[in-house]
Amino acid sequence: MAHTHTNKIKTSTGEKIFTVFNYAFIALLCLIMLYPFWHVVMQSFSSMEATLKGGVFLYPKGFNLDTYRSVFNNPQVYTGFATSIMVTVIGTVLGTLLTAMTAYPLSKSRLRGGKVLMVIVLITMIFSAGMIPSFLLIQELGLIDNRLSLILPALVSAYNCIIMKNFFMSIPDSLEESARIDGANDIRIFFSIIVPLSKATIATIALFMAVAYWNDYFSTVLYIRSTDKWALQAVLRNMLTNTQQAMAQAGVNVINTSNTNSETIKAGTIVISTVPILVVYPFVQKYFVTGVMIGGVKG
């Protein structure tokens with residue numbers, strides 16, 4: 001009995017040591033990932049002199065709001081926000097709906113040619129047309145300098161489609177059969193039964209798409225000519241690559257603006273473009289792990 005009791009104590013001690021090291025490692029990892037963003041936030045609230053000296057920013061040095069006043073004096077920030085919000089909302093809603101409507105029939109064995117269609121979907125994950133053919137397609141569709149060119153090319157992706165298809169395969173067929181007996185057709189079954197049961201996966205796909213649309217700047221560079229139609233990320237990129245010129249074009253003189261310089265302006269624009277997606281994330285985070293795990297179980 002004493003020997004058994006000793007083993008239990010040793011096992012318990014080992015588990016406690018592992019738990020302590022595990023928490024310490026995860027805390028250190030979180031700190032490493034969070035500090036760069038924290039540094040930028042604190043820098044954006046710091047004075048020009050402090051940012052010129054550089055160093056570690058655990059708190060604002062010479063706290064002021066001049067950076068954000070200068071950034072919001074740039075009218076392109078407002079038009080960029082409007083474009084990014086419109087593209088993100090419309091693209092996420094339509095993209096999630098189309099992805100679900102594509103994945104649902106592919107999850108059914110009764111679909112004629114379903115395996116061939118699935119192979120076609122998988123091929124798009126391996127091979128892509130490339131930048132020039134994509135540009136020529138958008139040009140032929142007459143979408144150059146049109147905000148639709150920021151939405152349409154990324155509406156459906158093979159990866160999201162596969163995740164959603166795998167989840168639909170896990171839903172018992174008996175639910176659909178009972179609905180058919182009651183006279184429901186495929187569309188009614190999809191919207192009344194399948195969609196309500198798929199909230200976790202749909203929320204996960206919506207999060208993937210929202211982040212992708214919000215962070216996309218390259219589509220703006222390729223397809224949009226008018227600066228008033230630029231997405232926020234393209235405005236940010238322009239300000240990051242040439243801050244003084246970009247702000248001067250917007251009528252803001254960075255050199256003469258008190259307590260701001262190119263570094264504080266860069267920090268402020270990064271914070272402004274990142275905060276909206278950080279605000280949205282907690283609302284769908286509870287579905288995130290569940291959706292990915294459920295969608296990735298069956299193949």
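Further up the page is the structure itself.
Scope of this entry: the structure provided in the associated data block. Just so it is clear, the model here is predicted, and its values are computed rather than measured.

This part takes up the overall build of the protein. Looking only at helices and strands, the protein features 14 helices and 0 strands. In sequence order, the secondary structure elements of the protein are arranged as α-α-α-α-α-α-α-α-α-α-α-α-α-α. Contacts in the protein between residues far apart in sequence, at least 24 positions, make up 73% of those at least 6 positions apart.

Following the sequence through the fold, H39 ends up in helix 1 (residues 2-44). The exposure class assigned to H39 is buried, which follows from its relative accessible area of 18%. Those residues in contact with H39 that sit more than four places away from it in its chain are G55 and F57.

Between helix 4 (residues 75-106) and helix 12 (residues 232-241), the least distance of the axes is 7 Å, while the angle of their chain directions is 145°. When helix 4 is examined against helix 12, the residues Q76, V77, G80, F81 and S84 are found in contact with a partner set consisting of L232, Q233, V235 and N238. The residue makeup of the contact of helix 4 with helix 12, split by class, is 4 nonpolar, 5 polar and no charged.

Going through the model one piece at a time under the given rule, you end up with 6 salt bridges. Between D173 and K108 there is a salt bridge, with its nearest N and O atoms 3.8 Å apart. Taken together, the positions of D173 in helix 8 (residues 173-181) and K108 in the loop between helix 4 and helix 5 (114-126) put the pair 65 residues apart, joining distant regions of the chain. Judged by its relative accessible area of 46%, D173 falls in the partly exposed class. The salt bridge involving R110 is made with D186; its shortest N-O contact spans 3.6 Å. With R110 in the loop between helix 4 and helix 5 and D186 in helix 9 (residues 186-197), this pair connects stretches of sequence that are 76 residues apart. Accessibility expressed as a relative area gives 38% for D186, which makes it partly exposed.

Counting through the fold element by element, R147 comes out in the loop between helix 6 (131-140) and helix 7 (158-169). The class for R147 is partly exposed, based on a relative accessible area of 28%. Sequence-wise, R147 and K229 are 82 residues apart; in three dimensions their C-alpha atoms are separated by 7.0 Å. Excluding residues that lie within four positions of it along the chain, R147 makes contacts with T83, M86, V87, I224, D228 and K229.

With that out of the way, let us pick up the nonpolar core. Grouped together as the largest cluster of nonpolar side chains are 46 residues, with contacts concentrated most on F81, Y104, M164, F168, F190, I194 and Y213. It is helix 4 that contributes the most residues to this core, 7 residues altogether. Once residues lying within four places of it in the same chain are set aside, the contact partners of M164 are T99, A100, A103, T201, I202 and I205.

At their nearest, the axes of helix 4 and helix 10 (residues 199-215) sit 9 Å apart, and the two run at 145° to each other. For the pair helix 4 and helix 10, the crossing hand works out as right-handed. Where helix 4 abuts helix 10, its residues F81, S84, I85, V87, T88, G91, T92, G95, T96 and T99 lie against I202, I205, A206, M209, A210, Y213 and W214. Among the residues forming the contact of helix 4 with helix 10, the class breakdown is 10 nonpolar, 7 polar and no charged.

Analysis parameters
Residues numbered from 1 in each chain as written. Predicted model: local features only at pLDDT ≥ 70, side-chain atom pairs only at ≥ 80, totals over all residues. Heavy atoms only, no water. Helix = DSSP H or I, 4+ residues; strand = E, 2+ residues; numbered from the N terminus. Contact = heavy atoms within 4.5 Å. Buried < 20%, exposed > 50% of the residue type's maximum accessible area, 1.4 Å probe, protein only. Axes fitted to C-alpha atoms, helices over the stretch in contact; angles between N-to-C directions. Nonpolar A, V, L, I, M, F, W, Y, C, P; charged D, E, K, R; others polar. Salt bridge = Lys/Arg side-chain N within 4 Å of Asp/Glu carboxyl O. Core = buried A, V, L, I, M, F, W, Y, C linked by side-chain atoms within 4.5 Å. Left-handed = near helix turned anticlockwise from the far one by under 90°.

All quantities given are derived from atomic positions and should not be read as evidence of function.
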